[in-house]
Amino acid sequence: MLAFERRMGFRYLFSKRKGSFFSLTTLISIGGVASGVTALIVVLSVMNGFGKDLQDKILGFKSHIVMEAKDFSPFKYSPIFLKDLKALDPNIIDVTPSLSSEMMIRHGSDLTGVLFKGMDPPLQGIKRGKEAPPPILLGRELAQSIGAYEGDVVEVISPIETTGPLGVIPKMRSYYVANLFMTGLYEYDTKLITVSLRDAQDFLEVPHRIDAIEIKVSDIYKTGIVIQKIKSLPEARSLLIRDWRGLNKNLFHALKLEKIAMFVILLLMVLVAALNIVTTVTRMVMTKRKEISILKAMGANRNQILHIFLFQGMVIGSVGLLTGLLSGYAICLFLGRFELIRLPDIYYNTSVPVQMQASYFVVIGLASFLITGLCSFFPAWKASRLHPLHGIRYLT
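A brief structural summary. (Residues numbered from 1 in each chain as written. Predicted model: local features only at pLDDT ≥ 70, side-chain atom pairs only at ≥ 80, totals over all residues. Heavy atoms only, no water.)

## Description of the overall build of the chain
Inclusion rule: Counting from the N terminus, the helices are the DSSP runs of H or I reaching at least four residues and the strands are the DSSP runs of E reaching at least two. Buried means the residue's accessible area, taken with a 1.4 Å probe over protein chains only, is under 20% of the maximum for its type, while exposed means over 50%, and partly exposed covers the values in between. Each accessible area value is a Shrake-Rupley result obtained with a 1.4 Å probe; residue values ignore everything except the protein chains displayed when judging cover.
Looking only at helices and strands, the chain has 13 helices and 11 strands in total. Among the 396 residues that make up the chain, the fraction classed as buried is 46%. On the chain, roughly 21,500 Å² of surface is accessible, and the fraction owed to carbon and sulfur atoms is 61%.

What follows is the structure, given as structure tokens:
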């Protein structure tokens with residue numbers, strides 16, 4: 001676009017005559033684009049913050065790589081194999097065998113379903129008396145729901161049946177609550193109970209067997225490389241190996257779809273707001289018909305007229321876009337620093353998590369700029385098609 005078109009575009013925008021840059025329709029157009037861009041930045045940053053917070057909690061508590069039997073049944077393992085796994089890659093920081101099953105826990109008259117999990121080393125360092133029942137760890141939310149505290153005795157009821165004096169009854173075992181934990185994940189804090197691996201094997205009657213080997217790595221984005229090395233071990237070829245992406249595929253896929261859907265919905269808001277630019281530029285074309293005719297009579301071609309009014313629409317859209325980007329950035333900073341919105345206890349956060357990404361600003365900026373450009377093109381094209389005689393005819 002040449003200096004002539006830019007100069008004429010600015011002259012029309014800042015004209016003090018009727019239809020100036022500061023007209024009501026122009027301000028509405030700028031405000032509409034700005035509000036749509038602001039909403040996009042804030043909503044996507046908040047959704048990204050919640051997703052990142054959830055991912056950190058899941059990966060902070062759950063393992064990054066899990067090895068299981070292909071039929072998910074308990075299998076035998078050897079301590080030598082565990083040592084080989086840990087020495088396989090410097091990225092591996094922990095290898096833990098585990099055994100789990102769905103059971104029920106009872107304390108007094110309260111009874112609820114739980115996930116019973118045996119693993120080492122969560123109970124190392126907890127002293128156990130000769131006559132005391134084995135220790136158990138409960139999620140804090142679970143303990144509150146059944147009214148159990150540290151030092152209390154609870155009963156775990158297994159689906160495995162045993163024969164007693166009164167016939168066949170479910171197998172039960174008493175445990176004392178050694179400690180309470182909080183993972184930050186409501187699903188686990190209300191359902192998970194943990195004992196030592198040996199106690200779990202004894203209770204489930206599967207000695208020297210486990211149903212999973214859980215591996216944690218220092219870099220979660222290099223799990224694919226670690227898995228390839230694990231598959232090279234002969235003992236691992238019969239096992240199903242999945243990383244955190246595969247284990248939580250549905251959850252992360254749902255979060256991604258939600259962000260895409262929200263982006264499209266809010267981008268439609270920007271589109272509706274940008275349609276005001278069509279009204280603004282069309283109104284400006286109608287008030288500048290005489291000027292357009294004079295410019296054409298003086299030798300201005302259609303492309304120059306199109307560029308003049310296209311430039312006006314792009315300036316209006318760019319002002320709204322820049323205002324929206326700055327407002328969205330400021331609001332996100334404000335939300336991240338001050339607890340304006342207090343979340344329910346289920347989220348384990350006191351304030352809304354916000355995580356801004358430069359890619360969001362770039363994509364939102366480009367998409368909004370393209371929309372405003374398209375909305376500005378039609379009235380600018382109509383202005384370029386105006387016949388000079390139509391405006392000069394009514395000159396006085």
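## Points about the packing of helix H9 (residues 249-287) against helix H10 (residues 289-297)
Just so we agree on the cut-off: Here the axes come from fitting lines to C-alpha atoms, over the contacting stretch only for helices, and the angles between their N-to-C directions go from 0 to 180 degrees. Convention used here: angles under 35 degrees read as roughly parallel, angles over 145 as roughly antiparallel, angles from 65 to 115 as roughly perpendicular, and any remaining angle as oblique. Contacts are assigned to residue pairs with any non-hydrogen atoms lying within 4.5 Å of each other. Gly is placed with the polar residues, together with every amino acid not listed as nonpolar (Ala, Val, Leu, Ile, Met, Phe, Trp, Tyr, Cys and Pro) or charged (Asp, Glu, Lys and Arg).
Where H9 contacts H10, the two axes come as close as 4 Å, and the packing angle between them is 65°. Regarding the angle of H9 to H10, the classification is roughly perpendicular. On H10, the residues that touch Val285, Met286 and Thr287 of H9 are Arg289, Glu291 and Ile292. Residues of the contact of H9 with H10, tallied by class, amount to three nonpolar, one polar and two charged.

## Details of the pairing of strand S11 (residues 239-243)
Filter applied, for reference: Two strands pair if DSSP finds at least two bridges between them.
Of the two faces of S11, the one lined by Leu239, Ile241 and Asp243 is fully buried and the one lined by Leu240 and Arg242 carries no buried residue. One ladder, built from five bridges, connects strand S1 (residues 65-69) with S11; its direction is antiparallel. If you follow Met67 over to S11, its bridge partner there is Ile241.

## Remarks on the pattern of salt bridges
Note the cut-off: Salt bridges are defined by distance alone: a side-chain nitrogen of Lys or Arg within 4 Å of a carboxyl oxygen of Asp or Glu.
Here the structure, examined in full by the defined rule, presents nine salt bridges. Across the pair Asp56 and Lys52 runs a salt bridge, and its minimum N-O distance is 3.0 Å. Of this pair, Asp56 and Lys52 both sit in helix H2 (residues 24-61), separated by four residues, roughly a single helical turn. Residue class for Asp56 comes out partly exposed when judged on its relative accessible area of 40%. Looking at Lys52, the relative accessible area reads 31%, which means it is partly exposed. In this structure, the salt-bridge partner of Glu68 is Arg242, at a minimum N-O distance of 2.7 Å. One end of the pair, Glu68, is in strand S1; the other, Arg242, is in strand S11, and 174 residues separate them in sequence.

## Structural notes on the packing of aromatic side chains
Each aromatic ring pair is characterised by the separation of its centres together with the angle its planes make. This is how it is decided: Here a pair means two rings of Phe, Tyr or Trp (six-membered ring of Trp) with centres within 6.5 Å. Their orientation is stacked below 30 degrees between planes, edge-to-face above 60, and tilted elsewhere.
All told, the structure shown has six aromatic pairs when counted by the stated rule. An aromatic cluster of three or more residues is present, and its members are Phe116, Tyr175 and Phe203.

## Considerations on the packing of H9 against helix H12 (residues 358-384)
What counts is decided by this rule: Helix crossings get a hand from a simple test, with the near helix turned counterclockwise from the far one by less than a right angle marking a left-handed crossing and a clockwise turn marking a right-handed one.
The interhelical angle for the contact between H9 and H12, taken along N-to-C directions, is 30°, at an axis separation of 8 Å. Taken together, the axes of H9 and H12 lie roughly parallel to each other. Both H9 and H12 take part in a crossing whose hand is right-handed. Across the interface between the two elements, Lys259, Phe263, Leu267, Val270, Leu271, Ala274, Leu275, Ile277, Val278, Val281, Thr282 and Val285 from H9 touch Tyr360, Val363, Ile364, Ala367, Ser368, Ile371, Thr372, Cys375, Ser376, Pro379, Ala380 and Ala383 from H12. Partitioned by chemical class, the residues of the contact of H9 with H12 number 19 nonpolar, four polar and one charged.

## Digging into the nonpolar core
Our working definition: As used here, the term nonpolar core means buried Ala, Val, Leu, Ile, Met, Phe, Trp, Tyr and Cys residues forming a set that is joined through side-chain atoms within 4.5 Å.
Met67, Leu138 and Ile213 are the most contacted members of the largest nonpolar core, which totals 43 residues. Element by element, the count of residues in this core is highest for strand S3 (residues 92-107), at five residues. Apart from the residues within four sequence positions on either side, Met67 is in contact with Phe75, Phe81, Leu85, Asp211, Ala212, Ile213, Ile215, Ile230, Ala236, Leu239, Leu240 and Ile241. Of all hydrophobic cores here, the second largest spans 42 residues; its members include Leu267, Ile277, Ile316 and Ala380.

## Some remarks on the side chain of Thr372
Among the structural elements, Thr372 can be located in helix H12. If we ignore the near neighbours within four places in the chain, the residues touching Thr372 are Val33, Ala274, Ile277, Met314 and Gly317.

## A look at the environment of Leu192
With respect to the helices, strands and loops of the structure, Leu192 is situated in strand S8 (residues 192-195). Leave out the neighbours within four places in its chain, and Leu192 touches Phe61, Leu115, Lys117, Leu137, Leu138, Gly139, Leu142 and Phe181.

## Section: the side chain of Lys117
Rules: In the analysis that follows, any N or O atom pair within 3.5 Å is treated as a polar contact, provided that within protein one partner can donate a hydrogen and the other can accept it, and provided that, for residues neighboring in sequence, both atoms belong to side chains.
When you line up the elements, Lys117 lands in strand S4 (residues 110-119). Looking at Lys117, its side chain comes within polar contact range of the side chain of Glu214, at 2.8 Å. Setting aside its immediate chain neighbours within four residues, Lys117 contacts Ser98, Leu99, Ser100, Leu192, Ile193, Thr194, Val195 and Glu214.

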